[in-house]
Amino acid sequence: MAPLITVLPFVFRLRQCISEYISSNDSGSRHLANAVKYASAFPVVLLSALMHRDDEDENSVLFSLWLMCVLFNSIYSFYWDVVMDWGLGNTPSPQSKVSYPPLLRPILMFQEPSIYYLAMLLDFFLRTSWSLKLSDHVHLKEIIASGFVMEGAEVMRRWLWVYFRAEKEWITKRYEAPHQRSIPKLHNIYALHNRLDDSNDMPLSP
């Protein structure tokens, strides 16, 4: 019963992604790729349930399969959060006239890049931690798998995701929307911050 309850949210989101793909008239490959993210959670939950058997040899094989599924699900979900939903993970090309910190993007709302790097690290950890409590082989679950801690971590991850997703959507609509193309764009807020800091360091004219 517990595996069924665990997998229900992924079933609902998978169904939503497939419905959006069908309604997009074959032009919504993004929805199909997003569906893979939710579908990849099913083997993790299923193998976790099967590993509770007493056969140690069988459990060893199942654990290896489970670990591969966990890695795929965690890395894929992390990639989707950072690159597809947050618009991060970019690197400026040598020919580009716009410079910005590696693995971020030209327009940042926070001046300090470390905030984004920390958010990415937290997202990866929190994306992985949900699966640790499902396996008896992972002894870290005694530390992090209590219901209160895990639920709190998931709430934190969702708030983190919502904020940076909203930031990316605002930037897209404000600086990249078609109706804004006639308005001069601010291509590099990060660079603007640096210029403002430099100007503040200049001595005031008498």
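The model shown is predicted, which means the values in this text are computed figures rather than measured ones.

### Side note on the packing of helix H2 (residues 29-39) against helix H3 (residues 41-50)
Part 1 of the argument: The interhelical angle for the contact between H2 and H3, taken along N-to-C directions, is 10°, at an axis separation of 5 Å. Viewed along their axes, H2 and H3 adopt a mutual orientation that is roughly parallel. Together, Lys-37, Tyr-38 and Ala-39 of H2 and Ala-41, Phe-42 and Pro-43 of H3 make up the contact between the two elements.
Part 2 of the argument: Among the residues making up the contact of H2 with H3, the classes are represented as five nonpolar, no polar and one charged.

### What to know about the layout of surface pockets
To find leftover empty space, one rolls a probe the size of a water molecule over the atoms.
Part 1 of the argument: Taken as a whole, the largest pocket encloses approximately 940 Å³ of empty space.
Part 2 of the argument: Tyr-38, Arg-127, Glu-154, Arg-157 and Arg-158 are the residues nearest the centre of the largest pocket, which is lined by 31 residues in total.
Part 3 of the argument: Looking at the lining of the largest pocket, the elements that each hand over two or more residues are helix H1 (2-23), H2, helix H4 (56-85), helix H5 (114-132) and helix H7 (147-176).
Part 4 of the argument: Take the lining of the largest pocket: its biggest share by element is nine residues, from H7.
Part 5 of the argument: For the lining of the largest pocket, the per-class residue count stands at eleven nonpolar, seven polar and 13 charged.

### A closer look at the pattern of salt bridges
Part 1 of the argument: Enumeration over the complete set of coordinates arrives at eight salt bridges.
Part 2 of the argument: The salt bridge involving Asp-85 is made with Arg-30; its shortest N-O contact spans 3.4 Å. Separated by 55 residues along the polypeptide, Asp-85 in helix H4 and Arg-30 in helix H2 bring together distant segments of the chain.
Part 3 of the argument: Given the relative accessible area of 6%, Asp-85 is considered buried.
Part 4 of the argument: Linking Arg-157 and Asp-81 is a salt bridge whose minimum nitrogen-to-oxygen distance equals 3.9 Å. Placement of Arg-157 in helix H7 and of Asp-81 in helix H4 is noted, with a sequence separation of 76 residues between them.
Part 5 of the argument: Of the residues examined, Arg-157 reaches a relative accessible area of 6% and is grouped as buried.
Part 6 of the argument: Residue Asp-81 is classed as buried on the basis of its relative accessible area, which comes to 0%.
Part 7 of the argument: Through salt bridges with shared partners, a single ionic network connects Asp-81, Arg-127, Glu-154, Arg-157 and Arg-158.

### Brief notes about unusual backbone geometry
Part 1 of the argument: The backbone phi angle of Leu-103 is positive, close to 70°, even though this residue is not glycine.
Part 2 of the argument: When you line up the elements, Leu-103 lands in the loop between H4 and H5.

### Here's the deal with the packing of aromatic side chains
Part 1 of the argument: Per the counting criterion, the structure on display carries nine aromatic pairs.
Part 2 of the argument: Note on Phe-78 and Phe-124: the rings are 5.3 Å apart at their centroids and 85° apart in plane angle, and the pair reads as edge-to-face. Residue Phe-78 is located in helix H4, and its partner Phe-124 is located in helix H5; the two are separated by 46 residues in the primary sequence.
Part 3 of the argument: Between Phe-110 and Tyr-163, the ring centres sit 5.7 Å apart and the planes meet at 40°, which makes this aromatic pair tilted. Highlighted residues: Phe-110 in the loop between H4 and H5 and Tyr-163 in helix H7, separated in sequence by 53 residues.
Part 4 of the argument: Among the residues examined, Phe-110 registers a relative accessible area of 30% and is labelled partly exposed.
Part 5 of the argument: Classification of Tyr-163 by relative accessible area gives partly exposed; the value is 39%.
Part 6 of the argument: What links up through ring pairs into an aromatic cluster is the set Trp-86, Phe-110, Tyr-116, Tyr-163 and Phe-164.

### A few points about the nonpolar core
Part 1 of the argument: Counting 16 residues, the largest nonpolar core has Phe-10, Tyr-38, Val-44, Leu-47, Trp-66 and Trp-130 as the members making the most contacts within it.
Part 2 of the argument: Elements supplying a minimum of two residues to this core: H1, H2, H3 and H4.
Part 3 of the argument: Grouped together as the second largest cluster of nonpolar side chains are ten residues, Leu-88, Leu-108, Met-120 and Phe-164 included.

### A few points about the environment of Pro-106
Part 1 of the argument: Here Pro-106 shows up in the loop between H4 and H5.
Part 2 of the argument: The class for Pro-106 is partly exposed, based on a relative accessible area of 27%.
Part 3 of the argument: Residues Pro-106 and Pro-92 lie 14 residues apart in sequence; the distance between their C-alpha atoms is 8.4 Å.

Parameters and conventions
- Residues numbered from 1 in each chain as written.
- Predicted model: local features only at pLDDT ≥ 70, side-chain atom pairs only at ≥ 80, totals over all residues.
- Heavy atoms only, no water.
- Axes fitted to C-alpha atoms, helices over the stretch in contact; angles between N-to-C directions.
- Helix = DSSP H or I, 4+ residues; strand = E, 2+ residues; numbered from the N terminus.
- Parallel < 35°, antiparallel > 145°, perpendicular 65-115°, else oblique.
- Contact = heavy atoms within 4.5 Å.
- Nonpolar A, V, L, I, M, F, W, Y, C, P; charged D, E, K, R; others polar.
- 1 Å grid on protein atoms, 1.4 Å probe; cavity = no way out; pocket = protein on both sides within 12 Å on 5 of 7 lines; lining within 4 Å.
- Points joined across faces, edges and corners; volume = space filled by probe spheres on them.
- Salt bridge = Lys/Arg side-chain N within 4 Å of Asp/Glu carboxyl O.
- Buried < 20%, exposed > 50% of the residue type's maximum accessible area, 1.4 Å probe, protein only.
- Phe/Tyr/Trp six-rings, centres within 6.5 Å; stacked < 30°, edge-to-face > 60°.
- Core = buried A, V, L, I, M, F, W, Y, C linked by side-chain atoms within 4.5 Å.

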